[in-house]
Every structure is written in structure tokens, then in C-alpha cells.
Amino acid sequence: MVVAKSDSKLKPVNVGLLGLGTVGGGTVSVLRRNAQEIVRRAGRGIHITHAAAKQYDPAAFGGTDQMKITDDAFAVVNDPDVQIVVELIGGYSPARELVLQAIANGKHVVTANKALIARHGNEIFEAAQARGVTVAFEAAVAGGIPIIKALREGLAANQIEWVAGIINGTGNFILTEMAHKGRDFDDVLAEAQVLGYAEADPTFDVEGIDAAHKLTIIGSIAFGIPLQFDKTYTEGISRITRADVNYAAGFGYAIKHLGVARQTSEGVELRVHPTLIPEKRLIANVDGVMNAVLVQGDAVGPTLYYGAGAGSEPTASAVIADIVDVVRALTTDPKNRIPHLAFQPDELSDHPVLPMEEVVTAYYLRMRVKDVPGVVAGIAGILGDSGISIEAMQQKEPEAGDTDVPVVMLTQRVKEGRMNRAIQQIEALESVCGQVARIRVEHLAG
Ligand code: HSE
């Protein structure tokens, strides 16, 4: 065994941990298991001395004998012996108050809380900057994948053109099981909850809110803009049917729930929605709870980051990496630390976030039409008059007894506003039954 020599030089750093649930338990376990390796990397020991939890199972992470446990999170934040506070409670409040109090007390903060950073990050980073402390949040985006570090440091030479990511493990797990095993949506969601992947409120996963929190953070770090969660377009997977998955496959596409951040001359696109991606793209083959983020930089070209996006130890891996980074920087001048949002705080840009009506994508459309002559010509006429070009189309034969038939098509790229108006006209046709289902298409070509 390698003995860490550096352990004897500097006193260990005391960490206060808020939350001993799935990620908190994983953090305690991994810190203990890999203590020697972590000391060799950080240059000193890292000890969790004080933890707060309402409920916990000590057996899940090998006991609590070396730490004080309380049910009062503010007692940890106000403990003068704690140097780094690790916030793993989640949610907006009291996480915001706890983090701001820790900063006011001069403590560094590590958090896995994407909701907190997406909504309150501007305020939190300003307070941290003024107090000369760091708030690290690698675990907030894509679980164990070091995507924050990659974007903020590894790709610092580049103009980031776009980022597209599968950044909600629960949603990807549901879509994968529906596509490959024909399972029902609710059944797969229940399994994701048991496995500890889903948010406390699983509508955050299936309605895209969790992915929108993460995309908001990605967009800010990629393009140097303030965090603007309220302007991130958010659409979930709850309206995707097995028929859509099958029709998409027939055209050579997979349906994935993507977060897309793109820089254009008019503004920045920040959008989360189900998306058809060509099956031949690596990211289209990222299945189950795994996450992947594809980044297009002007110098490096496309780079792809893949790994577990949720779960106890993968998320703990990112939390502990942040603790190690903070420990390494404890003795550095706060002015020379890596900026929270990658760009210097006074260099953030006011490039606007584009409204969805201005965003340009290709589309998959599915509708049911009456099985009578001229229907498809009518639909094609509306699209043609709107300047929307049809790329591919399938009309299925009616099943016995059916008087209407499904029509599915792919279009070329068009502004969303123009597509919305065309869809309204199509839905008004007497021969079209019900609503037109629409899924955006991204080719993700470098
Ligand atoms: N509920 C989240 C997911 C957990 O499924 O990806 C990780 O942020």
C-alpha cells in the first residue's frame, strides 16, 4: 500500500456535510474507502467532522463514529471548526439560506444542487466572490461526468459553438426501456425512483425541469452569460409515445431527451426537449441512466463526455473531486481562482437568450388524417406555402375498421414560429383528426 507522506505535513481539512441520503452516504463511503489516494492528491487529509441529517441509515455507509451528527443544518454551517460545507440537501430552500450563511461565515461550499445554482447561482457567486470563497458545483450537472471542469478549464481556448446533452438519467432510462423493451412509462419511472435516480419530485425529471436546471448552468459556462433559468425552454418526455419511438426508428433516428445550448449571432438558444437524433451518432446510443454531453468547440471540434449521470457513488465522485479542488486552492489568492462561471465575473456578456419562436430546427410531425383522396396534398400545400420543405414522409395503411390513418414526416430546418403557424393551419383542416404531434430534430453534425 502507498502511504501518503503529505498527510503528516498539514492538518486535515474539516468538512461539514448537509444531507446523508443517497449522495451524502456515497460521499462518506468513497471518502473513507479512498482516503489514502485522496490525501496523496489533495496534499492533506479530508475529514467529515460534522454532518446534518433528518434521517439516515449508518449501515449504508459504514457508521458515523468519526463525525458529530445533528438534525440542525445551521449548526454545521455555523460550526467554527468546519472549513468546507458540502450541501447535499437539494431544493431551493433552506439550501439557499444555508449556502449564503456558510459563505458569510467564510466557508467554501461544495454543492450538488442544480436547482439552487440554476435559480440562485448569480446571487450566490456574487456573495462568494465578495467573501473570497469558492462555491464548487461539478456534481450539479451530469452526475459523475466532469463536464463543468471540461468546459471551464479543458476547453478554455475555444469558442464553444454548441452543446447538446442527455443530462437527465431518469428520462433516458425511461426512453430506453420504452424503446428497447416496450415497457410502460409509469412502470419504468417507479423503478428509477427505487434505484435512487429520480428527483424527490419526479415531475422534475419527466417534465424536463431537472435537465433545464443543468442546461442553464452549461449554457452560462459555455458562453459566459449569467444564469437565466427562467428563459430556458423546457419540455419533458411525457407526451412521447411508443409509436413515435418506432416511427423515428423507421426514419433512422433515436428519440432522446436533449438539452441544447447554441450560440448564434442573434442570441443564445437554451432549450430542453425530446429530440430525434440520427442513430449513427454516438450520443444516440447512450442508453439507460447514462448521460452524455457533446460539445462543439471551434478549435477542438466535437468532443463527447459519457458516464453515469445519477446515483450514489458516481455523484459522490464529482462531489469529492470538488472538495479536493477546494482543498488544493485553500492557500491561493482568491482573485486568482478559476471563475465560477468560467469567464471573469465582470466579463459576462448580455447576449440575449432567444425566444423559442426564433429557434431554427428540423421537425418530425405525426398526425392522424381521414383516409380520403387529397389529404396529404392539402398538408403538403400548407407546408409548401409556408416555405417548409418535406424531407421524408410515411403514410401507414389503415388497420381493419379504422377510418383514419397515421401520417409521419420529417421537414427541413425552419424557424419555430413559422412551423407553429403551419401546424395551426394543418390542425384546422377538416381531414386532420386532433392535434399534430411535433418533435424537433437535430443532426448534431460537427
Ligand atoms: N434525477 C436526476 C437524474 C439525478 O435522473 O438525472 C441526477 O441529477
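The model shown is predicted, which means the values in this text are computed figures rather than measured ones. (Residues numbered from 1 in each chain as written. Predicted model: local features only at pLDDT ≥ 70, side-chain atom pairs only at ≥ 80, totals over all residues. Heavy atoms only, no water.)

**A word on the overall build of the protein**
Along its length, the protein carries 14 helices and 17 strands. Compactness check: the protein gives a C-alpha radius of gyration of 24 Å against a globular reference of 22 Å for 446 residues, within 12% of the reference. Put simply, 74% of the contacts in the protein that link residues at least 6 apart link residues at least 24 apart. Accessible surface for the protein amounts to roughly 19,200 Å². Of this, 49% is attributable to carbon and sulfur atoms. Taking the average location of the 41 positive side-chain charges in the protein and that of its 53 negative ones, the two points are 6 Å from each other. (Helix = DSSP H or I, 4+ residues; strand = E, 2+ residues; numbered from the N terminus. Rg over C-alpha atoms; globule rule 2.2 N^0.38 Å. Contact = heavy atoms within 4.5 Å. Areas by Shrake-Rupley, 256 points an atom, 1.4 Å probe, with all protein chains shown as cover. Lys, Arg positive; Asp, Glu negative; His and termini not counted. Charge placed at Lys NZ, Arg CZ, Asp CG, Glu CD.)

**Remarks on the site of the ligand**
The local shell around the ligand consists of K114, N168, G169, T170, Y197, A198, E199, D205, D210, K214, G309 and A310. Interatomic distance of 2.7 Å between a backbone N/O atom of G169 and an oxygen atom of the ligand. Computed on the free molecule, the ligand has an accessible area of 250 Å², of which 93% lies beneath the protein chains in the complex. Mapped onto the shell around the ligand, the elements with two or more residues apiece are helix 7 (169–181) and helix 10 (209–223). (Near = heavy atom within 4 Å. Polar contact = N/O pair within 3.5 Å; in protein donor to acceptor, adjacent residues only side chain to side chain.)

**Focus on the domain arrangement of the protein**
Along its sequence, the protein is carved into domain 1 (13–146 + 313–347), domain 2 (147–307) and domain 3 (359–441). When each unit is reduced to the centre of its C-alpha atoms, the spacing between domain 2 and domain 3 is 26 Å. On the domain 3 side, the residues contacting the 17 residues of domain 2 number 16 residues. Broken down residue by residue, the surface that domain 2 buries against domain 3 is led by Y247, F251 and L276, which jointly contribute 47%. Viewed at the interface, domain 3 and domain 2 are joined by 2 salt bridges. The partner of E235 in a salt bridge is R440, and the shortest N-O contact between them spans 3.0 Å. Along the contact surface separating domain 2 from domain 3 lie 5 residue pairs in polar contact (both at pLDDT 80 or more). Contributing elements (two or more residues each) for the side of domain 2 that touches domain 3: helix 11 (242–250), strand 9 (253–263) and strand 10 (268–278). In terms of residue class, the side of domain 2 that touches domain 3 is made up of 9 nonpolar, 4 polar and 4 charged. (Domains from an automatic or database assignment. Buried area = accessible area lost by both parts, 1.4 Å probe. Salt bridge = Lys/Arg side-chain N within 4 Å of Asp/Glu carboxyl O. Nonpolar A, V, L, I, M, F, W, Y, C, P; charged D, E, K, R; others polar.)

**Here we look at the environment of K54**
For K54, the location among the structural elements is in the loop between strand 2 (46–52) and strand 3 (68–70). Between the C-alpha atoms of K54 and G19, which are 35 residues apart in sequence, the distance is 7.9 Å. For K54, the side chain forms a polar contact with the main-chain oxygen of D71, separated by 3.1 Å.

**Some thoughts on the packing of aromatic side chains**
If you walk through the whole model with that rule in mind, you get 2 aromatic pairs. When the centroid spacing of 6.0 Å and the interplanar angle of 85° are considered together, the rings of F173 and Y197 count as edge-to-face. In this pair, F173 is assigned in helix 7 and Y197 in the loop between helix 8 (185–194) and helix 9 (203–206), connecting sequence segments 24 residues apart. (Phe/Tyr/Trp six-rings, centres within 6.5 Å; stacked < 30°, edge-to-face > 60°.)

**Some thoughts on unusual backbone geometry**
In this chain, S93 is followed by P94 through a cis amide linkage whose omega measures 15°. Within the secondary structure layout, P94 lies in the loop between strand 4 (84–87) and helix 4 (95–104). Backbone geometry places A142, a non-glycine residue, at a positive phi of 60°. In this fold, A142 is placed in the loop between strand 6 (135–136) and helix 6 (147–154). Looking at A142, the relative accessible area reads 0%, which means it is buried. Phi at L444 takes a positive value of approximately 50°, unusual for a residue other than glycine. Here L444 lies in the segment after strand 17 (432–441). Given the relative accessible area of 8%, L444 is considered buried. (Buried < 20%, exposed > 50% of the residue type's maximum accessible area, 1.4 Å probe, protein only.)

**Focus on the pairing of strand 10**
Taken across its 11 residues, strand 10 has 11 buried, putting it largely inside the fold. Sheet topology places strand 8 (residues 233–234) next to strand 10; 2 bridges connect them, and they run parallel. Across the sheet, residue Y233 finds its bridge partner in strand 10, namely R271. Note: strand 9 against strand 10, 11 bridges, orientation antiparallel. Opposite H257, over in strand 10, you have P274 as the bridge partner. Linkage of strand 9 to strand 10, two consecutive antiparallel strands, is achieved through a turn of 4 residues. In terms of strand pairing, strand 10 meets strand 17 through 2 bridges, oriented parallel. Residue pairing across strands places T275 opposite R440, the latter belonging to strand 17. (Pairing = 2+ DSSP bridges.)

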